[in-house]
Amino acid sequence: PSDQEQVVQEFYRCLKPGGTLLLIDMDGGFSNIFPTHELIEKTIKLVNESKMIDLTAGRKLFPLLNGNGFHSTEYKINTYTFSGDSLI
């Protein structure tokens, strides 16, 4: 998480002029599962406490990109619902 701005700056540096960067992020994916399972809850807690992974990085991408040289930034949010046998 502390290197997010540096990572975005490196993306920009590596792109050809007029190039396109496509990012896919599963922001909050594991924390949106309901009903949840004890193992998932424990895992999310450990990940959040470790501060090694930012499970909310996706919602920070737009300002990070726009603040570090990217222009004409577009985004799309997809939501998914699972039910029945897909929950097993």
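In case you missed it, the structure is sitting above this.
Residues numbered from 1 in each chain as written. Predicted model: local features only at pLDDT ≥ 70, side-chain atom pairs only at ≥ 80, totals over all residues. Heavy atoms only, no water.

1. A word on the pattern of salt bridges
Taken as a whole, this structure holds four salt bridges when the rule is applied. In this structure, arginine 13 and glutamate 10 form a salt bridge, with 2.6 Å as the shortest nitrogen-oxygen distance. With arginine 13 and glutamate 10 both in helix α1 (residues 4-14) and three residues apart, the pair spans about one turn of that helix. Here arginine 13 falls in the exposed class, since its relative accessible area comes to 58%. The exposure class assigned to glutamate 10 is partly exposed, which follows from its relative accessible area of 37%. Between glutamate 38 and lysine 42 there is a salt bridge whose closest N-O contact spans 3.1 Å. On the criterion of helical spacing, the pair formed by glutamate 38 and lysine 42 is a turn pair, its members being four residues apart in helix α2 (residues 38-50). Glutamate 38 gets classed as exposed once you look at its relative accessible area, which sits at 51%. (Salt bridge = Lys/Arg side-chain N within 4 Å of Asp/Glu carboxyl O. Helix = DSSP H or I, 4+ residues; strand = E, 2+ residues; numbered from the N terminus. Buried < 20%, exposed > 50% of the residue type's maximum accessible area, 1.4 Å probe, protein only.)

2. Section: the packing of aromatic side chains
All told, the structure shown has one aromatic pair when counted by the stated rule. Aromatic side chains tyrosine 12 and phenylalanine 70 sit 5.2 Å apart centroid to centroid with 75° between the ring planes, which places their arrangement in the edge-to-face category. A residue pair is termed long-range when its members are at least 10 positions apart, and tyrosine 12 in helix α1 and phenylalanine 70 in the segment after α3 (61-66) qualify at 58 residues. (Phe/Tyr/Trp six-rings, centres within 6.5 Å; stacked < 30°, edge-to-face > 60°.)

3. Considering the environment of leucine 64
Here leucine 64 lies in helix α3. The spatial distance from the C-alpha of leucine 64 to the C-alpha of glutamine 9 is 9.0 Å, given a sequence separation of 55 residues. When near neighbours in sequence (up to four residues on either side) are disregarded, leucine 64 contacts Gln4, Glu5 and Val8. (Contact = heavy atoms within 4.5 Å.)

That's the geometry; what it means functionally is another story.
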